[in-house]
Amino acid sequence: MGGIGGNDLDCSVVETSIPDVYLISTTDFFFPLVDDPYVQGKIGCANVVSDLCAMGIEKADNMLMILASSRDMLPADRDIVTKHMMKGFFDHAEAAGTKVTGGQSVMNPWAIIGGTAQAVARKGDFIPPEGAVAGD
């Protein structure tokens with residue numbers, strides 16, 4: 001079974017209106033599998049950026065954060081956890097050489113963090129996954 005759009009790619013690769021220039025985008029998120037919300041934020045960001053890295057892209061040009069705060073937490077606890085998750089995400093984005101310029105937040109039973117990352121690259125400056133063979 002293919003993924004969204006009929007493919008199994010983690011990234012969307014779309015040629016822009018500028019010849020041989022592509023927009024590569026990815027979206028991912030991370031469930032609470034660690035006890036430290038700061039670390040969860042860092043992992044959430046790394047999870048998004050790693051999809052671009054897998055295509056040979058060294059830097060995201062832009063990131064958006066997707067954040068779900070837990071509605072099942074006490075408000076004071078939720079505020080602390082949410083702030084630490086966001087700080088971890090922002091810190092890792094900065095370490096990766098990019099910035100978070102916006103995003104979306106919702107209430108959810110679980111605290112979830114992730115986002116989207118985009119990069120603009122010329123043909124030949126990234127590794128397209130189509131047609132890969134063993135040893136590539």
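Parameters and conventions
- Residues numbered from 1 in each chain as written.
- Predicted model: local features only at pLDDT ≥ 70, side-chain atom pairs only at ≥ 80, totals over all residues.
- Heavy atoms only, no water.
- Axes fitted to C-alpha atoms, helices over the stretch in contact; angles between N-to-C directions.
- Helix = DSSP H or I, 4+ residues; strand = E, 2+ residues; numbered from the N terminus.
- Parallel < 35°, antiparallel > 145°, perpendicular 65-115°, else oblique.
- Left-handed = near helix turned anticlockwise from the far one by under 90°.
- Contact = heavy atoms within 4.5 Å.
- Nonpolar A, V, L, I, M, F, W, Y, C, P; charged D, E, K, R; others polar.
- Buried < 20%, exposed > 50% of the residue type's maximum accessible area, 1.4 Å probe, protein only.
- Pairing = 2+ DSSP bridges.

### Remarks on the packing of helix α1 (residues 37-53) against helix α2 (residues 75-95)
Right, so step 1: At a minimum axis separation of 6 Å, α1 and α2 run at an interaxial angle of 40°. By the criterion of interaxial angle, the relationship of α1 to α2 is oblique. The crossing of α1 and α2 is right-handed. Residue-level contacts link Pro37, Tyr38, Gln40, Gly41, Lys42, Gly44, Cys45 and Ala46 of α1 to Val81, His84, Met85, Lys87, Gly88, Phe89, Asp91, His92 and Ala93 of α2.
Right, so step 2: Considered class by class, the residues forming the contact of α1 with α2 number eight nonpolar, six polar and three charged.

### As for unusual backbone geometry
Right, so step 1: The phi dihedral of Asp20 is positive, around 65°, even though this residue is not glycine.
Right, so step 2: Position of Asp20 relative to the elements: it lies in the loop between β1 (11-15) and β2 (21-30).
Right, so step 3: Residue class for Asp20 comes out partly exposed when judged on its relative accessible area of 41%.

### What to know about the sheet that holds β2
Right, so step 1: The five strands lie next to each other as β1-β2-β5-β3-β4, forming an open sheet whose pairing is mixed. The open sheet has two free edges, formed respectively by β1 and β4 (100-108), since each of these has just one partner strand. Across the sheet, the axes of successive neighbouring strands diverge by a mean angle of 15°, strand direction being ignored.
Right, so step 2: In terms of strand pairing, strand β3 (residues 62-70) meets strand β5 (residues 112-122) through seven bridges, oriented antiparallel. For Met63, the partnering residue across the bridge sits in β5 and is Ala117.
Right, so step 3: Running at roughly 30° to β5, α1 makes contact with β1, β2, β3 and β5 of the sheet.
Right, so step 4: Here α2 sits on the sheet and contacts β3, β4 and β5; the angle it forms with β3, its principal contact strand, is near 160°.

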